[in-house]
Amino acid sequence: QFQSKILILTICAAGIGGTFQYGYNISIINAPTSYIQTFMNETWLERTGFPLESNMILLLWSFTVSAYPLGGLTGAVVAGPMAIMLGRKMSLLLNNVFVIIAAVLSGFSRMAKSFEMIMLSRFFTGVNAGVSMNIQPMYLAESAPKKLRGAVALTSASFTALGLVLGQVVGLRELLGREESWPFLLASNVVPALIQLTALPWFPESPRYLLIDRGDRESCISALQKLRGNSDLSAELEEMLAEQAAVKGQRAKNPWELFKNPALRWQLMSIIVLSSAMQLCGNDSMYFYAAYVFQEAGIPQDKIPYVVIGTGSCELITSVTCNMIIDYAGRRPLLLGGYIFMAGWAIVFMVALSQQTQISWMPYLSMACIFAYILSFGIGPAGVTGVLPTEVFDQMSRPAAYMICGSLLWFNLFLVGTAFPFIVKSLAHFCYIPFLVVCVCTALYVGFFLPETKGKSFLEISEEFKKRNFKAQTHAFFYKGPEEIKSTVL
């Protein structure tokens, strides 16, 4: 019992300052939008004597919003080298420095009469989220026992959803959502950072990192004993030593080396497809539509923020449910089911939007679609996507794989954020067609090409992918016979 307590506390300590911040910082910016725009206008008026035109305010605001994914992209790129040089735990601890800088900038922005400080603060907040989105699932999956690996790594998605809901709650008018308190709302992300800085140092580093990257067997055994208590460690240690032998003499790979390596072709293709689909499936755009649909359904304007909390809670409930069933159901069924359901709901949603004004009960159907779409996303794609890079890559390729994953995730978030208003403008009620295509294509890819990784060791998963990678080569002209395959078994 004691060791499971240590594992649970490690998960909480890593999560609160990790992916929790990603969800929290995405949602706290929504409540004070109009107040910050007013502040930008007043500051400009004070500086120049002229007020800003409305399209200039919109441009400055879009800079402020897009600074977050830009920071995220930067964070995703530095996360790989950080994880290799500093270790998983130390990287998470150091990552809090970015949030503390961001909180100081946004907290004092009104006092300093500088909206540029808010933009810079959003950039640093993004860097923090970019690092934690890559390193937290890696740290947790490497610290978890094999039979719980999926559930433990998936807690990253649960913390994101928890952050999203708490950000919506703290942004309510009754708490920090009033005009005079927006600097405090933006600076409130310093609290989870301080909690992590206090708690995480007490917990062990990833045992896999200690043994395979550092070659420190004593520290690895001591970390395992802390995490597993008195249970028999021999089988787990044997498996780690086999993986250590498999990567002996190798150094941590760079992202471009993964693209050149034919032995990683299918692994790379899988994480590229799934990381891109996670942002291109239109889940975040559902939040964009939520307020409009709820208004059409006759919910009073001042009650809409409370209903929007319901949408965030949906994602939280499903990611916790997914946590419980991932190691029973497996990764493929959850991904496949999630994308198939999302494709179905996207069709119903577009029909409902087009009939919104004609049929009286259509707004309620649109409302149901929003909840159903978010539930379908939460049950599979939201969590499983973050677990896969840990499972399908070996210790030396894993940080580079997360760099690729994270960069795609943030680039696509930026892309969807920029393009969605134009998609709505040109396709009107049928704006979900691009997302529908993404969901269908991803479901087909998962159905035909993605192997199940549930309950397998990292070496067994690696073997399964090797068979696929070199099956394709049997038809290629440079195939040299079975010797080549033998030499790449480990």
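Residues numbered from 1 in each chain as written. Predicted model: local features only at pLDDT ≥ 70, side-chain atom pairs only at ≥ 80, totals over all residues. Heavy atoms only, no water.

How we decide: UniProt positions are given in the numbering used here, feature names are shortened, and annotations may be inferred rather than shown by experiment.
Within an unreviewed UniProt entry, the label attached to the chain reads GTR11 protein, and the organism entered is Ibidorhyncha struthersii. In its Sequence similarities (unreviewed entry) section, UniProt records this for the chain: "Belongs to the major facilitator superfamily. Sugar transporter (TC 2.A.1.1) family." Recorded in UniProt under Subcellular location (unreviewed entry), the annotation for the chain is "Membrane".

**Topic: the overall build of the chain**
For clarity, the threshold we go by: Counting from the N terminus, the helices are DSSP H or I runs at least four residues long and the strands are E runs at least two residues long. In this treatment the radius of gyration is a C-alpha quantity, and the globule benchmark scales as 2.2 Å times the residue count to the 0.38 power. Buried residues are those whose accessible area, probed at 1.4 Å on protein chains only, stays under 20% of the maximum for their type, while exposed residues exceed 50% and partly exposed ones sit between those limits. Contact definition: two residues touch when any of their heavy atoms are within 4.5 Å. Accessibility throughout is a Shrake-Rupley quantity obtained with a 1.4 Å probe, and a residue counts as covered only by protein chains that appear here. Here the positive residues are Lys and Arg and the negative ones are Asp and Glu; neither His nor the chain ends is included. Taken as the charge location is NZ of Lys, CZ of Arg, CG of Asp or CD of Glu.
When its secondary structure is counted, the chain shows 23 helices and zero strands. Computed over its C-alpha atoms, the radius of gyration of the chain comes to 23 Å, within 12% of the 23 Å expected for a compact globule of 490 residues. Taking all 490 residues of the chain together, 54% fall into the buried category. Long-range pairs, those at least 24 residues apart, make up 82% of the contacts in the chain with a sequence separation of at least 6. As presented, the chain carries roughly 20,800 Å² of accessible surface, and 70% of it is formed by carbon and sulfur atoms. Considering the chain, the positive charge centre built from 35 side chains and the negative charge centre built from 31 side chains are found 4 Å apart.

**Observations concerning the environment of Leu436**
As for its placement among the helices and strands, Leu436 is situated in helix 21 (residues 433–449). Overall, Leu436 belongs to the buried group, its relative accessible area being 17%. Each C-alpha atom, one on Leu436 and one on Tyr339, is 9.2 Å from the other, the two residues being 97 residues apart in sequence. With residues up to four places along the chain from it excluded, the contact list for Leu436 reads Ala343, Ala346, Ile347 and Met350.

**Focus: the nonpolar core**
In a soluble, globular protein the nonpolar side chains are often hidden away together inside. Test applied: We call a set of buried Ala, Val, Leu, Ile, Met, Phe, Trp, Tyr and Cys residues a nonpolar core when their side-chain atoms join them within 4.5 Å. Residue ranges for the domains trace back to a domain assignment, done automatically or taken from a database.
Membership of the largest hydrophobic core comes to 71 residues, with the highest contact counts inside it found for Tyr339, Trp410 and Tyr432. At ten residues, the largest contribution of residues to this core is made by helix 20 (residues 398–427). Counting the residues that make up this core, at least three belong to each of domain 1 (1–203) and domain 2 (252–472). Listed in part, the 41 residues of the second largest apolar core include Ile36, Phe39, Met40 and Phe115.

**Quick look at the packing of aromatic side chains**
The description of two aromatic rings rests on the distance between their centres and on the angle between their planes. Going by this rule: Any two rings among Phe, Tyr and Trp, with Trp reduced to its six-membered ring, count as a pair given centres within 6.5 Å; such a pair is stacked if its planes are under 30 degrees apart, edge-to-face if over 60, and tilted if neither. A ring is scored as having a charge over it whenever the NZ atom of a lysine or the CZ atom of an arginine sits within 6 Å of its centre and within 35 degrees of its normal.
A full pass over the atoms with the stated rule returns twelve aromatic pairs. Here Tyr432 and Phe435 contribute two aromatic rings whose centre-to-centre distance is 4.8 Å and whose plane-to-plane angle is 65°, an arrangement assigned as edge-to-face. Geometrically, the ring pair formed by Phe448 and Phe449 is tilted, given 6.4 Å between the ring centres and 55° between the ring planes. Every member of this aromatic cluster is reached through a ring pair, and the members are Trp266, Tyr445, Phe448 and Phe449. One Lys or Arg, Arg122, reaches over the ring of Tyr68 and ends 4.6 Å from the middle of that ring.

**Regarding the domain arrangement of the chain**
Operational definition: Using a 1.4 Å probe, buried area is obtained as the accessible area two parts lose upon being combined, added over both of them. The salt bridge criterion pairs a side-chain nitrogen of Lys or Arg with a carboxyl oxygen of Asp or Glu, the two atoms within 4 Å. As used in this structure description, the phrase polar contact means that two N or O atoms lie within 3.5 Å; if the pair is within protein, one of them must be able to donate a hydrogen and the other to accept it, and residues adjacent in sequence are counted only when both atoms belong to side chains. Here the term charged refers only to Asp, Glu, Lys and Arg, the term nonpolar to Ala, Val, Leu, Ile, Met, Phe, Trp, Tyr, Cys and Pro, and the term polar to all other amino acids, Gly among them.
For the chain, the assigned domains read domain 1 (1–203) and domain 2 (252–472). Between the C-alpha centres of domain 1 and domain 2 there is a distance of 21 Å. Taken together, the contact between domain 1 and domain 2 spans 41 residues of the former and 45 residues of the latter. Regarding the contact of domain 1 and domain 2, the summed buried area is about 3,400 Å², with carbon and sulfur atoms giving 68% of it. Among the residues of domain 1 in contact with domain 2, Arg149, Leu154 and Gln168 are the three that bury the most area, contributing 18% of the side total. Inspection of the domain 1/domain 2 interface yields two salt bridges. We note a salt bridge from Arg398 to Glu142, for which the minimum N-O separation is 2.8 Å. If you look at where domain 1 meets domain 2, you find nine residue pairs in polar contact (both at pLDDT 80 or more). Sorting the residues of the side of domain 1 that touches domain 2 by element identifies helix 4 (54–85), helix 6 (116–143) and helix 7 (149–170) as the ones contributing at least two each. Looking at the side of domain 1 that touches domain 2, the element that brings in the most residues is helix 7, giving 14 residues. For the side of domain 1 that touches domain 2, the per-class residue count stands at 24 nonpolar, ten polar and seven charged.

**Some thoughts on unusual backbone geometry**
Across residues other than glycine, the phi torsion is negative in most instances, and most of the peptide bonds are trans. In this model, Lys113 sits at a positive phi of 50°, which is unusual for a non-glycine residue. Note on placement: Lys113 falls in the loop between helix 5 (88–107) and helix 6. Taking relative accessible area as the criterion, Lys113 reaches 43% and is therefore assigned partly exposed.

**As for the environment of Ser275**
Along the chain, the position of Ser275 falls in helix 14 (residues 265–280). By relative accessible area, which is 2% here, Ser275 ends up buried. Separated by 45 residues in the primary sequence, Ser275 and Val320 have C-alpha atoms spaced 20 Å apart. Beyond its immediate sequence surroundings of up to four residues, Ser275 is in contact with Thr385, Cys405, Leu408 and Leu409.

**As for the side chain of Gln267**
Here Gln267 is to be found in helix 14. On the basis of relative accessibility, which here comes to 1%, the residue Gln267 falls in the buried class. Once you skip the residues sitting within four places of it in the chain, Gln267 turns out to touch Val392, Phe393, Phe465 and Asn469.

**With respect to the pattern of salt bridges**
For the structure shown, the criterion picks out 14 salt bridges. We note a salt bridge from Arg149 to Glu391, for which the minimum N-O separation is 2.9 Å. Remark: Glu391 occurs in helix 19 (residues 381–392) and Arg149 occurs in helix 7; sequence separation between them is 242 residues. The two residues Arg149 and Glu391 agree in class, both being buried. Look at the salt bridges and you will find they share partners, linking Arg88, Glu142, Arg208, Glu239, Glu243 and Arg398 into a network.

**Brief notes about the environment of Ala277**
By the secondary structure assignment, Ala277 is in helix 14. Using a relative accessible area of 3% as the deciding quantity, one classes Ala277 as buried. The sequence separation of Ala277 and Pro381 amounts to 104 residues, and the corresponding C-alpha distance is 8.5 Å. Apart from the residues within four sequence positions on either side, Ala277 is in contact with Tyr339, Val438 and Thr442.

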